[in-house]
Amino acid sequence: MATEIPDLPVLHTALQIATLKCSERCLYQGAKWAAELLNSIASPPSTPTSLPPTYLHPASKNPAEAALEASEFSTFLLAKSYFDVREFDRSSHVLEKCRSSKSRFIHLYAKFLAGEKRKEESSEMVLGPMDGAATQNKEVPAILAALETAFADKEGDGLDWSEDDSFLLWLYGVVLLKQKNEEEAQGALIKSVNLYPYNWCAWQELAGTVGSLQDLNNILMSLPNSIMTNLFVLSTNQELYQTGDSIHSQLTDLLAFFPTSAWLKTQRALLYYHAREFEEAESIFDQLVKSDPHRIDYLDHYSNILYVMERRPKLGFIAQLALTTDRFRPETNCVVGNYYSLKSEHEKAVQYFRRALTLDKTCLSAWTLMGHEYVEMKNTHAAIEAYRRAVDVNRKDYRAWYGLGLSYEVLEMHYYALFYFQRAAALRPYDSQMWQAMGQCYDRMNRPGEAIKSFKRALITLNSQSPNPDSHPSAVGEQRGFDPLILHQIAVMFEKMRQPKEAAKWMEACMAEEENVGVTTTTGQARMWLARWEFVNQNWNRAQELANVLCQDGQEVEEAKALVRDLRSRGHE
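In this text, all values refer to a predicted model and were calculated from it rather than measured experimentally. (Residues numbered from 1 in each chain as written. Predicted model: local features only at pLDDT ≥ 70, side-chain atom pairs only at ≥ 80, totals over all residues. Heavy atoms only, no water.)

(A) Inspection of the overall build of the protein at higher detail. When you go through the protein residue by residue, the secondary structure sums to 32 helices and zero strands. Here the protein holds 573 residues, and 51% of them are scored as buried. A separation threshold of at least 6 residues defines the contact pool for the protein, and within that pool the share at least 24 residues apart is 59%. Element-wise, carbon and sulfur atoms account for 51% of the exposed surface of the protein, whose accessible area totals about 27,500 Å². (Helix = DSSP H or I, 4+ residues; strand = E, 2+ residues; numbered from the N terminus. Buried < 20%, exposed > 50% of the residue type's maximum accessible area, 1.4 Å probe, protein only. Contact = heavy atoms within 4.5 Å. Areas by Shrake-Rupley, 256 points an atom, 1.4 Å probe, with all protein chains shown as cover.)

Put into structure tokens, the structure is as follows:
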């Protein structure tokens with residue numbers, strides 16, 4: 001999405017104020033993000049000799065609101081001091097009679113967090129009987145009613161919406177999401193970012209309401225003409241596993257403004273990770289760790305990359321580094337859990353993933369990784385519950401959908417498995433693994449026609465220059481790098497549909513892949529099938545030629561020798 005090029009001094013001041021505004025409203029993650037972006041600007045303005053007048057407490061642009069803030073300033077400071085030491089109920093109580101937008105926000109936000117704290121205490125252990133939907137934040141209805149009343153009064157008095165109201169709209173969106181009211185929540189969050197674009201917390205919540213590229217395109221025209229919109233679109237595309245050149249180009253443009261931004265570099269690494277370009281992703285994370293060894297953010301993703309690459313020594317080093325920095329961060333416990341998982345100590349890995357979830361029940365990585373561990377431990381029902389919770393946290397996580405499909409396959413509940421594989425494939429349409437899993441599921445459901453379509457789609461995703469899925473298999477054989485296993489599966493499906501001639505063509509394509517991948521078990525099976533096929537069709541010489549190759553080595557040796565003996569008994573040497 002094209003937006004106007006920002007003036008760097010104006011952007012610098014806006015990010016300074018954003019950091020202060022988020023900080024005084026106790027939105028610490030938003031303040032941290034804005035401050036890090038502020039310090040990564042390419043050419044910051046010259047250092048001033050004195051602090052700006054808005055330092056620490058930026059005043060409202062509305063004179064009446066500014067006067068209210070000034071009259072409540074001492075009470076606000078008391079409430080914020082209580083909030084900072086996590087005495088949320090005291091903080092909310094102190095501001096009960098305050099009328100400024102800022103004080104009202106802290107009053108309701110503190111009440112919300114107090115309710116979240118009580119909910120966590122009531123839920124007891126992770127995956128326990130009271131964990132999950134059984135325990136709710138009991139403060140949500142009262143907060144929702146208070147916000148709706150405040151908005152109705154504002155509309156009734158004919159007052160204009162301002163930057164100060166954007167934070168209340170953000171809280172309104174958060175509360176609506178707690179009640180699963182996504183449509184209204186999205187509207188509130190869009191209004192919030194239009195009133196004040198520099199609250200990154202609002203953009204993050206808005207991203208949570210975007211489930212597909214279509215959803216993103218639907219709201220693009222409603223977003224503000226700001227560089228923050230570009231950052232949001234980049235982040236959302238990354239979460240939707242879009243890894244095309246256009247996304248990388250957009251990221252390069254943003255890095256021109258923020259060349260040292262660790263967050264933008266991390267987005268690049270995650271794009272490479274989603275594209276399975278692990279070497280490039282690892283290289284970027286290595287640079288980030290060297291430049292800031294105490295940065296815990298996104299280390300769980302780095303540990304996933306090292307896990308896939310089986311870099312156990314480096315994963316152990318990152319785990320030790322994270323533990324030394326802060327052992328009470330969810331990301332730290334995910335890193336340590338991955339380390340123990342790589343050592344095949346699955347019980348210990350689950351223990352650390354549980355610790356991560358005790359610290360933060362919305363930690364997506366911990367739920368998904370714990371599901372993987374339960375699969376390894378053959379505890380399918382626990383795995384299903386962990387994956388379900390991952391999907392509840394973020395429905396864009398294809399790994400959780402795919403894990404659910406595999407788990408239901410183990411339970412031989414193929415219709416359930418198929419549904420979850422379809423959800424995974426919708427999120428990762430260019431991942432052959434998703435389509436292959438769907439094809440195998442159709443096979444087990446005795447639906448070979450649909451299985452063939454899925455396997456052909458898997459073939460296409462393996463090669464961007466692959467032919468049309470309905471093309472002749474000889475054309476497929478001309479392409480390089482296809483998986484012989486998929487070709488063999490397609491042939492088997494045609495055999496089940498009693499189309500042996502078509503099956504033979506795909507078996508030939510499978511066997512032809514020996515030129516690219518060498519002799520494998522799958523190509524051996526295809527050769528044996530073709531030998532039997534030629535034997536049935538009385539093409540004795542061809543059958544003997546295929547069987548003789550198998551007589552030398554492979555799993556099909558005995559069957560091939562038997563076929564050769566049969567051919568010799570018929571007088572075909």
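(B) Quick look at the packing of helix H19 (residues 346-359) against helix H20 (residues 364-376). Running from N to C, H19 and H20 point in directions that differ by 155°, and their axes come no closer than 9 Å. One way to sum up the angle between H19 and H20 is to call them roughly antiparallel. Pair H19 / H20 crosses with left-handed handedness. Counting all contacts with H19, which are made through His-346, Ala-349, Val-350, Phe-353, Arg-354, Ala-356 and Leu-357, the residues of H20 involved are Ala-366, Trp-367, Leu-369, Met-370, Glu-373, Tyr-374 and Glu-376. (Axes fitted to C-alpha atoms, helices over the stretch in contact; angles between N-to-C directions. Parallel < 35°, antiparallel > 145°, perpendicular 65-115°, else oblique. Left-handed = near helix turned anticlockwise from the far one by under 90°.)

(C) Geometry of helix H8 (residues 163-178). In this model, H8 (16 residues) spans 24 Å end to end at C-alpha, consistent with the 22 Å of a helix rising 1.5 Å per residue. Burial analysis of H8 places 13 of its 16 residues in the buried class, which makes it a mostly covered element. Just past H8, the residue Lys-180 takes up positive phi, approximately 65°. (Expected span 1.5 Å × (residues − 1).)

(D) Broad picture of helix H18 (residues 330-342). Between its first and last C-alpha atoms H18 spans 19 Å; for 13 residues at 1.5 Å apiece the expected length is 18 Å, and the two agree. Counted residue by residue, H18 has twelve buried out of 13 residues, so it is predominantly covered. Looking at H18, one finds that the buried residues are Pro-330, Glu-331, Thr-332, Asn-333, Cys-334, Val-335, Val-336, Gly-337, Asn-338, Tyr-340, Ser-341 and Leu-342. Contact partners of the buried residues in H18: helix H16 (299-308), helix H17 (312-325), H19 and H20.

(E) Broad picture of the pattern of salt bridges. Counted under the stated rule, the structure contains 32 salt bridges. Measuring nitrogen to oxygen at the nearest pair gives 2.8 Å for the salt bridge that ties Arg-90 to Glu-87. Residue classification places Arg-90 among the partly exposed residues on the basis of a relative accessible area of 44%. With a closest N to O distance of 3.3 Å, Asp-431 and Arg-428 form a salt bridge. Classification of Arg-428 by relative accessible area gives buried; the value is 9%. Residues joined by salt bridges that share partners form a network here, namely Glu-24, Arg-25, Glu-69, Lys-102 and Asp-164. (Salt bridge = Lys/Arg side-chain N within 4 Å of Asp/Glu carboxyl O.)

(F) Fine view of the packing of aromatic side chains. Counted according to the given criterion, the structure contains 26 aromatic pairs. Summarising the aromatic geometry, the rings of Phe-285 and Tyr-302 are spaced 5.0 Å apart at their centres and angled 15° between planes, so their arrangement reads as stacked. Linking Phe-285 in helix H15 (residues 278-291) with Tyr-302 in helix H16, this pair joins segments that are 17 residues apart in sequence. The pair formed by Phe-285 and Tyr-302 is uniform in burial state, with each residue classed as buried. The interplanar angle of 15° and the centroid separation of 5.9 Å between the aromatic rings of Trp-529 and Trp-533 together place this pair among those described as stacked. Of this pair, Trp-529 and Trp-533 are both found in helix H30 (residues 521-536), four residues apart, which corresponds to roughly one turn of the helix. The cationic tip of Arg-25 hangs over the ring face of Phe-167; the distance from NZ or CZ to the ring centre is 4.2 Å. Here the guanidinium or amino end of Lys-191 rests over the ring plane of Trp-161, the centre of that ring lying 3.8 Å away. (Phe/Tyr/Trp six-rings, centres within 6.5 Å; stacked < 30°, edge-to-face > 60°. Lys NZ or Arg CZ within 6 Å of the ring centre and 35° of its normal.)

(G) Expanded view of the nonpolar core. In this structure, Leu-299, Met-370, Leu-404 and Ile-490 are the most contacted members of the largest nonpolar core, which totals 93 residues. Ignoring anything within four residues of it in the chain, the contact list for Leu-404 reads Ile-384, Tyr-387, Arg-388, Val-391 and Tyr-420. Core analysis: the second largest hydrophobic core is formed by 73 residues, Phe-105, Tyr-109, Leu-176 and Val-193 among them. (Core = buried A, V, L, I, M, F, W, Y, C linked by side-chain atoms within 4.5 Å.)

(H) Quick peek at the confidence of the model for the protein. Residue-level pLDDT values for the protein average 88, and 88% of them are 70 or greater. When mean pLDDT is compared element by element in the protein, H18 scores highest at 97, while helix H26 (residues 473-478) scores lowest at 45. Contacts for the low-pLDDT stretch residues 464-480, under 50 throughout, to residues beyond four places or in other chains number 29 contacts. (pLDDT = per-residue confidence, 0-100.)

(I) Main features of unusual backbone geometry. You will see that Tyr-241, though not glycine, has its phi angle at about 65°, which is positive. Tracing the backbone shows Tyr-241 in the loop between helix H12 (227-239) and helix H13 (245-257). On the basis of relative accessibility, which here comes to 14%, the residue Tyr-241 falls in the buried class.

(J) How the structure looks around the packing of helix H11 (residues 213-220) against H12. Interhelical geometry of H11 versus H12 gives an angle of 165° and a closest axis separation of 11 Å. Judged by the angle between their axes, H11 and H12 are roughly antiparallel. Regarding H11 and H12, the two cross each other, and that crossing is right-handed. In contact with Leu-213, Leu-216, Ile-219 and Leu-220 of H11, H12 contributes Phe-232, Val-233, Thr-236 and Asn-237. Taken together, the residues that form the contact of H11 with H12 break down as six nonpolar, two polar and no charged. (Nonpolar A, V, L, I, M, F, W, Y, C, P; charged D, E, K, R; others polar.)

(K) Summary view of the side chain of Glu-373. Counting through the fold element by element, Glu-373 comes out in helix H20. For the buried Glu-373, no salt bridge exists, and the shortest N-O distance to an oppositely charged side chain is 11 Å, to Arg-399. Discounting residues that sit within four places of it in the chain, Glu-373 has contacts with Ser-341, His-346, Ala-349, Val-350 and Phe-353. (Lys, Arg positive; Asp, Glu negative; His and termini not counted.)

(L) Summary view of the environment of Cys-510. Relative to the assigned elements, Cys-510 resides in helix H28 (residues 500-512). The exposure class assigned to Cys-510 is buried, which follows from its relative accessible area of 0%. The contacts of Cys-510, once residues within four sequence positions are left out, are Pro-484, Leu-487, His-488, Thr-522, Thr-523 and Ala-526.

(M) Representation of the side chain of Asn-199. You can see Asn-199 is positioned in the loop between helix H9 (182-195) and helix H10 (200-208). With a relative accessible area of 0%, Asn-199 lands in the buried category. If we skip the residues at most four places from it in the chain, Asn-199 touches Cys-22, Leu-27, Phe-167 and Trp-170.

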